[in-house]
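# Analysis of the macromolecular model
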Amino acid sequence: MKKYCIIGVLIVSVLGTLFHFGYTLLPIFIFPKNESIFEHTKLILFPFLLYLFASLPFYKENRETLFSNFVFAIICSIMFIIIFYYTYSGVLGKNIDFINIVLYYLGVIFGFIIIYKKKTPLDFSNSIIFIIILIILTVTFTYYPLDIPFFAG
């Protein structure tokens, strides 16, 4: 599991970095279309899901537990980035790109620590519901963002 998570950190980090620039090449909802915090949550959501589905056939243990761990890790990683972004930018009174980049990579690492520790309160059926809701909300707010700073690019 340790090797699986280390490889996951690397792959998800690279995918997230590539996804950051994906919208200019292919304008679809999985890529951030502006610099808003909301759009950057996609850099966690979709690379984590791609890694999960690509690696499921190779995973020997309980796949339902793995899925639940990933969903919980995605939620926690997104919350980690949002909380720390608003905390540091509120304290400093400005947004610093270097800190945002570091927060992204820390969020990825945090997510894989959760996966490695297998600490999820979600069961499989709830995980499916949560990820479906998260994807629906992401797609909806990509095309119909609310008029609040979280969605402003």
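Here, every reference points to the structure presented above.
Every residue gets a number counted from 1 within its own chain, in the order that chain's sequence is written. With the structure being a predicted model, the display of local features is reserved for residues of pLDDT at least 70 and the display and counting of side-chain atom pairs for 80 or more, all residues being used for whole-chain, interface and lining totals. With hydrogens and water stripped out, all remaining heavy atoms of the structure feed into the side-chain values.

For helices the rule is a DSSP run of H or I covering at least 4 residues; for strands it is a run of E covering at least 2, with both sets numbered from the N terminus onward. Along its length, the protein chain carries seven helices and zero strands. Taken from the N to the C terminus, the helices and strands of the protein chain come in the order α-α-α-α-α-α-α. When we talk radius of gyration, it's over C-alpha atoms, and the globule rule is simply 2.2 Å times the number of residues to the 0.38. In terms of overall size, the protein chain behaves like a compact globule, its C-alpha atoms giving a radius of gyration of 15 Å where 153 residues would be expected to give roughly 15 Å. Throughout, exposure labels follow a simple rule: accessible area from a 1.4 Å probe, protein chains only, divided by the maximum for the residue type, with under 20% read as buried, over 50% as exposed, and the rest as partly exposed. Evaluated residue by residue, the protein chain yields a buried proportion of 41% over its 153 residues. Long-range pairs, those at least 24 residues apart, make up 74% of the contacts in the protein chain between residues at least 6 apart in sequence. Summing over all exposed atoms, the protein chain offers an accessible surface of approximately 8,800 Å²; the carbon and sulfur share of this is 74%. Contact between two residues is taken to exist if any of their heavy atoms lie within 4.5 Å; hydrogens are not considered. For every accessible area listed, the method is Shrake-Rupley and the probe measures 1.4 Å; residues are considered covered only by the protein chains on display.

This part covers the nonpolar core. Here, the term nonpolar core denotes a set of buried Ala, Val, Leu, Ile, Met, Phe, Trp, Tyr and Cys residues that are joined through side-chain atoms within 4.5 Å. Membership of the largest hydrophobic core comes to 40 residues, with the highest contact counts inside it found for F48, F70 and F112. Contributions of two or more residues to this core are made by α1 (2–20), α4 (42–55), α5 (63–92) and α6 (97–117). Looking at this core element by element, the count peaks at 14 residues for α5. In this structure F48 touches V12, F70, I74, S77, V108, G111, F112 and I115, once residues within four positions along its chain are discounted.

All right, on to a nonpolar patch on the surface then. Among the surface-exposed residues, F98, V102, L106, I109 and I113 lie close enough to one another that they form a single nonpolar patch of about 440 Å² accessible area. Its location among the elements puts V102 in helix α6. Given a relative accessible area of 32%, V102 falls into the partly exposed group. Any residue with relative accessible area above 30% and no salt bridge may belong to a patch, with like charges joined within 9 Å and the nonpolar Val, Leu, Ile, Met, Phe, Trp and Tyr side chains within 5 Å. Salt bridges are defined by distance alone: a side-chain nitrogen of Lys or Arg within 4 Å of a carboxyl oxygen of Asp or Glu.

Next up on the list: α4. A helix is expected to reach a length of 1.5 Å times the quantity of its residues less one. A rise of 1.5 Å per residue sets the reference length of α4, with its 14 residues, at 20 Å; its end C-alpha atoms lie 19 Å apart and thus fit the reference within 8%. Counting buried residues in α4 gives eleven out of 14 residues, a clear majority hidden from the surface. Looking at α4, one finds that the buried residues are K42, L43, I44, L45, F46, P47, F48, L49, Y51, L52 and S55. Here the buried face of α4 lies against α1, α3 (37–40), α5, α6 and α7 (124–143).

So, on to the packing of α5 against α6. Only the contacting stretch of a helix is used when fitting its axis, a line to C-alpha atoms as for every element, and angles between N-to-C directions run 0 to 180 degrees. Contact geometry for α5 and α6: axes closest at 8 Å, N-to-C directions at 150°. The angle between α5 and α6 falls in the class roughly antiparallel. In this structure, α5 meets α6 at a crossing whose hand is right-handed. All amino acids are sorted into three groups, where Ala, Val, Leu, Ile, Met, Phe, Trp, Tyr, Cys and Pro are nonpolar, Asp, Glu, Lys and Arg are charged, and the leftover types, Gly among them, are polar. By residue class, the composition of the contact of α5 with α6 is 19 nonpolar, five polar and no charged. Our angle categories are set so that under 35 degrees counts as roughly parallel, over 145 as roughly antiparallel, 65 to 115 as roughly perpendicular, and the remainder as oblique. Working rule for handedness: look at the near helix, and if it is turned counterclockwise from the far one by less than a right angle, call the crossing left-handed; if clockwise, right-handed.

Remember that the coordinates give geometry; whether it matters functionally is a separate question.
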